[in-house]
Amino acid sequence: MTIADSFPAGWGFITTGTTLPSLDEVLASAHYMTLPMAVRFRGVQQRESALIHGTHGWGEFAPFVEYEDPEALFWFASALEAAYLPAVPARRAEIAVNATLPAVSPEQVASVLERYEGQIGELKVKVAERGQNLEEDIARLRRVRELLPEAKLKVDANMGWSMDQAQQALGAFEEFDLLYCEQPVATIAELAALRAWRDDRGLSVRIAADESVRKANDPLRVAREGAADVLVLKAAPLGGVRRAREVIERAGLPAVISSALESSVGIATGVSLAASLDSLPYGCGLDTVSLLSEDCAAQPYRSLSGRMEVRTVQPDSTRLQQLASVPERASWWRARIERCYALLQASIQAHSA
């Protein structure tokens, strides 16, 4: 039995004994929108999503369009949890966050960083972008260090390196005294081997796992096999705040809560998860609304000098109209909700049988 069988999609509804809202109710409340990006990020230039309004607020259903339904199912469960279940109690009124720098050229670094308000104390830099090389990553990091000499840095490779490339990069990055390198290689076995290689070489960088947790049927395997020092988690891909908290508790590793490039509504779910944890040793990757050109909220959920207040988000009706998806895309998202609802209902029923 995998961990997905132990606490499946819809975990929040199972643990609270709450009945799913009807499909008709969900569809009646849904708003479909397309958000333009300020800069290209993860190969994406616009972000599509559906906002769902329920009895306890708003949830965001925003799996990337290429994701198949079994993966999108967990994002849907998270959206319904945020909309229809009460928030998990917060342990803090604000959280520390890092700024995020896409894999831009050194000449673009300053303009991207200027989108953040106040002082940047911690920054995550994207590396290993397809079509780029290690020299470009190093040049980007050196430009960052020129502009932010005191900031704490971490990098995210999004599984972009082979083992040889990862070893070369980690050695080259020692000059930047990184907090950690996120998902340098693709598999859990490779992560474990890379950690062992790092220890043999006496390098200081920690290894963080992201995709190996959120895309795995068993998100605890990384911890069991000693493949990471840090877990980077996103609420939506793990099925919501309650299920993500269960993963963190069972894993027993330091956790960083990150965004999945959502609007302010989805960011609020991530902040709720981060605020509920006992410990947050690193800044969270939730300050990403600045990477969007437009947002659904009149007051976008952004940081000030590396801190984000824990609060709810109310989309602005005028902005929802302006950002509404074209009819063909709205129909596509409606059909996706219908399919994911059926999968979620079946998941909950199978666990409760």
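Quick look at the structure, then. Model, not experiment: these values are computed from the prediction.

### Considerations on the sheet that holds strand β1 (residues 31–41)
Step number 1: In spatial order, the strands read β1-β2-β3; together these three strands make up an open sheet with antiparallel pairing. Because the sheet does not close on itself, it has two edges, and the strands there are β1 and β3 (57–61). Strand-to-strand, the axes of this sheet are offset by a mean angle of 35°, without reference to chain direction.
Step number 2: Against the sheet, helix α4 (residues 69–84) makes contact with β2 (44–54) and β3, and its axis sits at roughly 170° relative to β3, the strand it touches most.

### Digging into the nonpolar core
Side chains that are nonpolar tend, in soluble globular proteins, to be buried together.
Step number 1: Among the nonpolar cores identified, the biggest contains 120 residues, and F61, F76, L123, F173 and L286 are the most heavily contacted of them.
Step number 2: If we skip the residues at most four places from it in the chain, L286 touches I95, V97, I257, S258, S259, I267, G270, V271, A274 and M308.
Step number 3: Ranked by size, the runner-up nonpolar core spans seven residues in total, among them L179, A208, V232 and Y282.

### Observations concerning the side chain of K124
Step number 1: With respect to the secondary-structure elements, K124 resides in strand β6 (residues 122–126).
Step number 2: Taking the relative accessible area as the measure of exposure, K124 reaches 5% and is therefore buried.
Step number 3: When sequence neighbours within four positions are dropped, the list of residues in contact with K124 reads N98, A99, T100, L101, K154, D156, E182 and S258.

### Describing the packing of aromatic side chains
Step number 1: This model, assessed by the stated rule, comprises eleven aromatic pairs.
Step number 2: Considering the side-chain rings of F173 and F176, the 6.3 Å spacing of their centres and the 65° angle between planes classify their relative orientation as edge-to-face.
Step number 3: Take F173: its relative accessible area is 2%, and that puts it in the buried class.
Step number 4: Ring pairs connect the aromatic residues F61, F76, W332, W333 and Y341, which therefore count as one cluster.
Step number 5: Positioned over the ring face of F64 is R47, at 3.8 Å from the centre of the ring.
Step number 6: In this arrangement the basic side chain of R336 is found over the ring face of W333, its NZ or CZ atom lying 5.0 Å from the centre.

Conventions we followed
Residues numbered from 1 in each chain as written. Predicted model: local features only at pLDDT ≥ 70, side-chain atom pairs only at ≥ 80, totals over all residues. Heavy atoms only, no water. Pairing = 2+ DSSP bridges. Helix = DSSP H or I, 4+ residues; strand = E, 2+ residues; numbered from the N terminus. Axes fitted to C-alpha atoms, helices over the stretch in contact; angles between N-to-C directions. Contact = heavy atoms within 4.5 Å. Core = buried A, V, L, I, M, F, W, Y, C linked by side-chain atoms within 4.5 Å. Buried < 20%, exposed > 50% of the residue type's maximum accessible area, 1.4 Å probe, protein only. Phe/Tyr/Trp six-rings, centres within 6.5 Å; stacked < 30°, edge-to-face > 60°. Lys NZ or Arg CZ within 6 Å of the ring centre and 35° of its normal.

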